[in-house]
Amino acid sequence: MSLTLEQINTASLPEAAALLDGLYEHSPWIAEAALAQRPFRSLAHLKQVMAQIVRDAGREPQLALIRAHPELAGKAMVSNTLTAESTHEQTKAGLTNCTPEEFARIQTLNADYNAKFGFPFILAVRGPRGTGLSKRDIIDTFARRLDNHPDFEVAECLRNIHRIVEIRLNDKFGVEPVLGNLVWDWQEALAQHSDPGYAEKGQLTVTYLTDAHRACAQRISRNMRDAGFDEVHVDAVGNVVARYRADRPNARTLLTGSHYDTVRNGGKYDGRLGIFTPMACVRELARQGLRLPFDIEVIGFAEEEGQRYKATFLGSGALVGQFDPAWLDQKDADGVTMRAAMQHAGLCVDDIASLRRNPADYLGFVEVHIEQGPVLNEIDLPLGIVTSINGSVRYLCEVIGMASHAGTTPMDRRRDAAVAVAELALYVEHRAMKDADSVGTIGILQVPNGSTNVVPGRCQFTLDLRAPTDAQRDAMVSDVLAELAAICKRRQLHHTLEETMRAAAAPSAPAWQQRWERAVSALGVPLHRMPSGAGHDAMKLHEIMPQAMLFVRGQNAGISHNPLESTTSDDMQLAVDAFSKLLDQLATEF
């Protein structure tokens, strides 16, 4: 018989503690402390309360919690002294059926890990889908995490413990993230398509209008039709566009979606999560035979990353009338023009201008996106409310000094271009940290024709500066460029600057941000407001209609643009639930 939240909320403290026994390995104090905060509004609320108790407990109790856990395929497993929960989890991951080679490798890793950190390696072996990681994934993760800093690894162990507890709670309460699992499965299926040269290596790369890209469009289209959308088509730039009709004619439209192209060797969730989350909501509406007082238009934007051609936000830009015809003559690395690629894909370039949307027809634009950063992961929250998409500016720069002999040029007589840029890099780091949520990066730094025994005479570098508001960004830009000029003057150097990109900040529309906040609060999840440092399709739609975004926590320290990019089906379930709550609000309002 599955537990209910009402049982937990109404039972006596000893009875409730007994019902929650076995969640945190040999550490009943966490559940007992959490019960003091009853009543719990949802299972998600209970999870967050317990995670917060661990966060507030301090280092020694946290280490004790970690050390209360058994090693993977370790002595406790061999001696059959694991708890019932750990036995189930390690068995489900196949760790009780290792080959001799796998067992020996895990024992070596256990020994190395304990020697370095002084506590056992903790991994939620049932994985982000809850069905179990492969032994290969477990061993690879084990080896990778051996390189972590001890402080980071403590936090990573605690995050995995919370994931273990989440799955155990689901088991106790008989809860399954059905729609989160569906979104997970859709994304796994879509990730089967990858460009040549990457697919053979097991890497995910989908660039604009390649065969893999077109296969993705077809798969998304089929999933949309199966989900119950009334209309599905691929438009003139390759966007996959689906519409679920309202319960009345001539209704306005809620626009949502994200991109399905990827960076090279990227992750499975960047962009795509924002397509499949609203798809799951529409699937439920269609399954229940429900219509809302507005249309829902979900778009899989064909291009956002700018990987094949130098044209970012091509898919969403076309909707706001910003497709530049000059792009059609751009060539990719193989000499194929964009025009030729579009013609090969059966797209009609003459129809692109007609894709521009009339803002009067729309309520607004909302986007769900994986966070692509560590913040939610570090504070143990599954969802975040985006307050603004940072404004940014990029420069291509060069400092010019004098190349000279490294052995004969005294240190006080050098005109070293690379050292000047290094000095600037430290200033950028210092200056960005003075502002809340500003960031600055020198991502490329190179010395043309550099030699070991030559003082660098030239140094080329990029500069990327971002902040939540244009004013904050511009103030930082002014300071950084002034510092560059001052460094060059002091060191008797020259410099050049070329602005290569400027994007205005896109603050969330207050009313739409508040709708996301109410939706998340209704799930019992604490609110966390945060800016987005990355650019998103919402930046383009922001130019013609109100927009707001919801972030979903990423695993592995929130890494993105990387094969390790991941999230859990439970977090995706919460995103689907939040989106459904937002739809309910809109149905009441409009």
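Small disclaimer: the values here were computed from a predicted structure and weren't measured.

Novice: How should I be thinking about the packing of helix H11 (residues 178-190) against helix H13 (residues 273-288) in this particular structure?
Specialist: Helices that pack against each other are described as a pair by the angle of their axes relative to one another and the distance between those axes. Contact geometry for H11 and H13: axes closest at 10 Å, N-to-C directions at 130 degrees. The orientation of H11 with respect to H13, classified from their angle, is oblique. H13 is crossed by H11, and the crossing has right-handed handedness. Every residue of H13 that contacts H11 at Leu-179, Leu-182, Val-183, Trp-186, Gln-187 and Leu-190 is listed here: Leu-273, Phe-276, Thr-277, Met-279, Ala-280, Arg-283 and Glu-284.

Novice: Is there a simple way to think about the packing of aromatic side chains in this case?
Specialist: Any pair of aromatic rings gets described here by the distance separating the centres and the angle formed by the planes. Applying the stated criterion across every chain yields a total of 11 aromatic pairs. When the ring of Tyr-113 is compared with that of Phe-121, the centres are 5.4 Å apart and the planes differ by 75 degrees; the resulting orientation is edge-to-face. For the pair shown, Tyr-113 and Phe-121 are each scored as buried. Pairing Phe-117 with Phe-119 gives two aromatic rings, centres 5.7 Å apart and planes at 25 degrees, and the pair type is stacked. For Phe-117, a relative accessible area of 9% corresponds to the buried category. Residue class for Phe-119 comes out buried when judged on its relative accessible area of 3%.

Novice: I tried to follow the environment of Thr-131 on my own but got confused; where do I start?
Specialist: Secondary-structure assignment places Thr-131 in the loop between helix H8 (100-117) and helix H9 (135-145). Relative accessible area serves as the criterion here: at 48%, Thr-131 is assigned to the partly exposed category. In this structure the C-alpha to C-alpha distance between Thr-131 and Glu-89, which are 42 residues apart in sequence, comes to 9.6 Å. Not counting chain neighbours up to four residues away, the residues in contact with Thr-131 comprise Lys-92 and Arg-126.

Novice: Would you explain the side chain of Ser-560 in this entry?
Specialist: Of note, Ser-560 is situated in the loop between strand S16 (547-552) and helix H21 (569-589). Overall, Ser-560 belongs to the buried group, its relative accessible area being 16%. Of note is the side chain of Ser-560, whose polar atom sits 3.1 Å from the side chain of Gln-372. A polar contact of 2.4 Å, which involves the side chain of Ser-560, links it to the side chain of Glu-565. In contact with Ser-560, not counting residues within four places along its chain, are Asp-270, Gln-372 and Glu-565.

Thresholds, definitions, all that
- Residues numbered from 1 in each chain as written.
- Predicted model: local features only at pLDDT ≥ 70, side-chain atom pairs only at ≥ 80, totals over all residues.
- Heavy atoms only, no water.
- Axes fitted to C-alpha atoms, helices over the stretch in contact; angles between N-to-C directions.
- Helix = DSSP H or I, 4+ residues; strand = E, 2+ residues; numbered from the N terminus.
- Parallel < 35°, antiparallel > 145°, perpendicular 65-115°, else oblique.
- Left-handed = near helix turned anticlockwise from the far one by under 90°.
- Contact = heavy atoms within 4.5 Å.
- Phe/Tyr/Trp six-rings, centres within 6.5 Å; stacked < 30°, edge-to-face > 60°.
- Buried < 20%, exposed > 50% of the residue type's maximum accessible area, 1.4 Å probe, protein only.
- Polar contact = N/O pair within 3.5 Å; in protein donor to acceptor, adjacent residues only side chain to side chain.

Purely spatial values, then, with no claim about function.
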